[in-house]
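Structural overview for review
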Amino acid sequence: MLTDDQLAALEAAWAPARAAGVLGRATVHTLWEHTAGFASAVCSHFGRESADLSGRLIDVGTGAGVPGLLLAQQLPGCHITLVDANERRLDHVRRARRALGLEDRTTVMHARAEDLATDLRYRTGFDGAVSRLLAEPSDSAELLAPLVRDGGVIVVSTAQRWQSIWDQLPVPELPLGAATHHGAEDRFVQIPRLGPVSDDLPRREKARRRQPYLRG
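Figured I'd write up the structure that's included with this text. If you're wondering where the values come from, they're calculated on a predicted model, not measured in any experiment. (Residues numbered from 1 in each chain as written. Predicted model: local features only at pLDDT ≥ 70, side-chain atom pairs only at ≥ 80, totals over all residues. Heavy atoms only, no water.)

**A few points about the pairing of strand E3 (residues 106-110)**
- Bridging between strand E2 (residues 78-84) and E3 involves 5 bridges; their strand directions are parallel. From the neighbouring strand, Leu-82 faces E3, where its bridge partner is Val-108.
- Between E2 and its parallel partner E3, the chain crosses via helix H4 (residues 87-100), and the hand of that crossover is right-handed. (Pairing = 2+ DSSP bridges. Helix = DSSP H or I, 4+ residues; strand = E, 2+ residues; numbered from the N terminus. Right-handed = clockwise from strand over helix to strand, strands pointing away.)

**Concerning the layout of surface pockets**
- Considering only enclosed or pocket space, the largest pocket measures out at about 490 Å³ in volume.
- Around the largest pocket, the lining is made up of 28 residues, and of these Gly-61, Asp-84, Arg-89, Leu-133 and Leu-134 lie nearest the centre.
- Examining the composition of the lining of the largest pocket, we find that 3 residues originate from one element, helix H8 (residues 205-210), more than from any other.
- Taken together, the residues that form the lining of the largest pocket break down as 13 nonpolar, 6 polar and 9 charged. (1 Å grid on protein atoms, 1.4 Å probe; cavity = no way out; pocket = protein on both sides within 12 Å on 5 of 7 lines; lining within 4 Å. Points joined across faces, edges and corners; volume = space filled by probe spheres on them. Nonpolar A, V, L, I, M, F, W, Y, C, P; charged D, E, K, R; others polar.)

**Quick notes on the environment of Val-66**
- Among the structural elements, Val-66 can be located in the loop between strand E1 (55-60) and helix H3 (68-74).
- You can call Val-66 buried: its relative accessible area is 2%.
- As a C-alpha pair, Val-66 and Asp-115 span 49 residues in sequence and 21 Å in three-dimensional space.
- Beyond its immediate stretch of four places on either side in the chain, Val-66 contacts Trp-14, Leu-23, Leu-31, Thr-35, Asp-59 and Arg-132. (Buried < 20%, exposed > 50% of the residue type's maximum accessible area, 1.4 Å probe, protein only. Contact = heavy atoms within 4.5 Å.)

**Here's the deal with the environment of Glu-114**
- Tracing the backbone through its elements, the reader meets Glu-114 in helix H5 (residues 113-118).
- In this structure the C-alpha to C-alpha distance between Glu-114 and Pro-146, which are 32 residues apart in sequence, comes to 9.7 Å.
- Ignoring any residue separated from it by four or fewer positions in sequence, one finds Glu-114 in contact with Leu-143, Pro-202 and Arg-208.
- Side chain to side chain, Glu-114 and Arg-208 meet in a polar contact 2.8 Å long. (Polar contact = N/O pair within 3.5 Å; in protein donor to acceptor, adjacent residues only side chain to side chain.)

**Let's talk about the pairing of strand E7 (residues 188-192)**
- With 5 of its 5 residues buried, E7 lies for the most part within the structure.
- The pairing of strand E5 (residues 148-157) with E7 spans 5 bridges and is classified as antiparallel. Bridge pairing in E7 links Val-156 to Val-189.
- The turn joining strand E6 (residues 180-182) and E7, which pair antiparallel and follow one another in sequence, is formed by 5 residues; a positive phi near 80° is taken by Gly-183.

Below, the structure written as structure tokens:
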């Protein structure tokens, strides 16, 4: 858990995010416990304990830095890239990572998921991808799959109404295995990346909306 000094510094750093409605009302303790679900699912995929896991993870749609910043605390051997399409939200991320002293183990990027997934500098460049509030299941799966290497993992927190949609995996169009549910009330899905990603993925937003690979 965070030290008292870290907790106080993080609360102060995130105060503007709360005022702006970016972070919501959840306490840091609640966010920490939620992030532990991501960490558990990632570690389970690789068969490692949190202290022993190393690699590169990406948090897409990070908002104010959840789960990415807290994941960096819980998985000290990993480098976390935190991505959001809204530059103002990333100001909250930068303020919070300074408060926790995580500049050396995190990268903050202003980018859209679609652009990042087609950029050869980042495509298949991560051991795992996590997302808390990115999109509905079909969109999330299609946007995150190209970012993860073969043998890597996607972990997404999901609403109960979407659990049956994730259960449609695997599908022929995506290089993903079956989804495994994790955590209390199956709040997380763990999805392995299997095989190569088609050059056509991700499709443009209109195509994804018109013909989703996962239907709900």
